[in-house]
Amino acid sequence: QVRLVESGGGLVQAGGSLRLSCAASGRAFSSYAMAWFRQAPGKARDFVTAVYRGGSPSYADSVKGRFTISRDNANTIFLQMNSLKPEDTAVYYCAADRDYGGRDSRRYSYWGQGTQVTVSS
């Protein structure tokens, strides 16, 4: 059974930092694309960043230069979020797919349950 479990969310003041983690199990995810999406209340689920098979990560323009995705040698990815802004407030989701590493959330096969990030002004 495939599982993605996010952790590390919380409440932070604007300008602060958080580091999210996503632990994957049930597959050998080292060759899978791994991504982060986020969803604010009443809004669509938006792409944040993705990394695929050792290639260069891609980032949404809104987070470029502030957020960094990384992965360890096993089945965990991280999202380092710096210089957080109130508009970064959302539930952050980890996603994975064997064949797709783009920005369309509908094409990812596996999802975590999400972790809440709240940035106060």
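The structure under discussion appears in the preceding block.
Criteria and thresholds
Residues numbered from 1 in each chain as written. Predicted model: local features only at pLDDT ≥ 70, side-chain atom pairs only at ≥ 80, totals over all residues. Heavy atoms only, no water. Pairing = 2+ DSSP bridges. Helix = DSSP H or I, 4+ residues; strand = E, 2+ residues; numbered from the N terminus. Axes fitted to C-alpha atoms, helices over the stretch in contact; angles between N-to-C directions. Core = buried A, V, L, I, M, F, W, Y, C linked by side-chain atoms within 4.5 Å. Buried < 20%, exposed > 50% of the residue type's maximum accessible area, 1.4 Å probe, protein only. Contact = heavy atoms within 4.5 Å. Salt bridge = Lys/Arg side-chain N within 4 Å of Asp/Glu carboxyl O. Phe/Tyr/Trp six-rings, centres within 6.5 Å; stacked < 30°, edge-to-face > 60°.

Examining the sheet that holds strand E1 (residues 3-7)
Backbone hydrogen bonds hold the strands of a sheet together, and the pairing may be parallel or antiparallel.
Link 1 in the chain: Within the open sheet, the four strands sit side by side as E1-E3-E8-E7. Their pairing is antiparallel. Unpaired on one side and paired on the other, E1 and strand E7 (67-71) mark the two borders of the sheet. Averaged over all neighbouring strand pairs, the angle between strand axes comes to 15°, with direction disregarded.
Link 2 in the chain: In terms of strand pairing, E1 meets strand E3 (residues 18-25) through five bridges, oriented antiparallel. Residue Arg3 lies in a different strand from E3, and its bridge partner there is Ser25.

A short note on the environment of Ala33
Link 1 in the chain: Within the secondary structure layout, Ala33 lies in strand E4 (residues 33-39).
Link 2 in the chain: Here the alpha-carbon distance between Ala33 and Gly9, two residues 24 residues apart in the chain, equals 22 Å.

Notes on the nonpolar core
Link 1 in the chain: By size, the foremost hydrophobic cluster in this structure holds 35 residues, and its most contacted members are Leu4, Met34, Trp36, Phe67, Leu79, Met81 and Tyr92.
Link 2 in the chain: Elements represented by at least two residues in this core include exactly E3, E4, strand E5 (45-52), E7, strand E8 (76-81), strand E9 (90-97) and strand E11 (115-120).
Link 3 in the chain: With five residues, the single largest contributor to this core is E9.
Link 4 in the chain: Setting aside residues no more than four positions away along its own chain, Tyr92 makes contact with Glu6, Leu20, Trp36, Phe37, Arg38, Val48, Phe67, Leu79, Met81, Gly114, Thr115 and Val117.

As for the pairing of E4
Link 1 in the chain: Among the seven residues of E4, six are classified as buried, and the element is accordingly described as predominantly covered.
Link 2 in the chain: Inspection of the sheet shows E4 paired to E5 by seven bridges, in the antiparallel sense. Residue pairing for E5: Trp36 is matched across the bridge by Thr49.
Link 3 in the chain: What sits between the antiparallel neighbours E4 and E5 is a turn of five residues, in which Gly42 has the positive phi angle 75°.
Link 4 in the chain: Sheet topology places E4 next to E9; seven bridges connect them, and they run antiparallel.

A word on unusual backbone geometry
Link 1 in the chain: One non-glycine residue, Ser83, adopts positive backbone phi at about 50°.
Link 2 in the chain: Within the secondary structure, Ser83 sits in the loop between E8 and E9.
Link 3 in the chain: Overall, Ser83 belongs to the partly exposed group, its relative accessible area being 40%.

Quick word on the pattern of salt bridges
Link 1 in the chain: Applying the stated criterion to the full structure yields five salt bridges.
Link 2 in the chain: When the shortest N-O distance is used, the salt bridge between Lys64 and Asp61 registers 3.2 Å. In terms of burial, Lys64 and Asp61 fall into one category: exposed.
Link 3 in the chain: Across the pair Arg98 and Asp99 runs a salt bridge whose closest N-O atoms are separated by 3.2 Å.
Link 4 in the chain: One salt-bridge network, held together by shared partners, links Arg38, Arg66 and Asp88.

Looking at the packing of aromatic side chains
Link 1 in the chain: If you walk through the whole model with that rule in mind, you get nine aromatic pairs.
Link 2 in the chain: Between Tyr100 and Tyr108, the aromatic rings sit 5.4 Å apart at their centres with planes inclined by 75°, giving edge-to-face as the arrangement. Tyr108 matches Tyr100 in its accessibility class, with the two residues each being buried.
Link 3 in the chain: An aromatic cluster is present here, built from Phe37, Phe47, Tyr93, Tyr100, Tyr108 and Trp111 joined pairwise through their rings.

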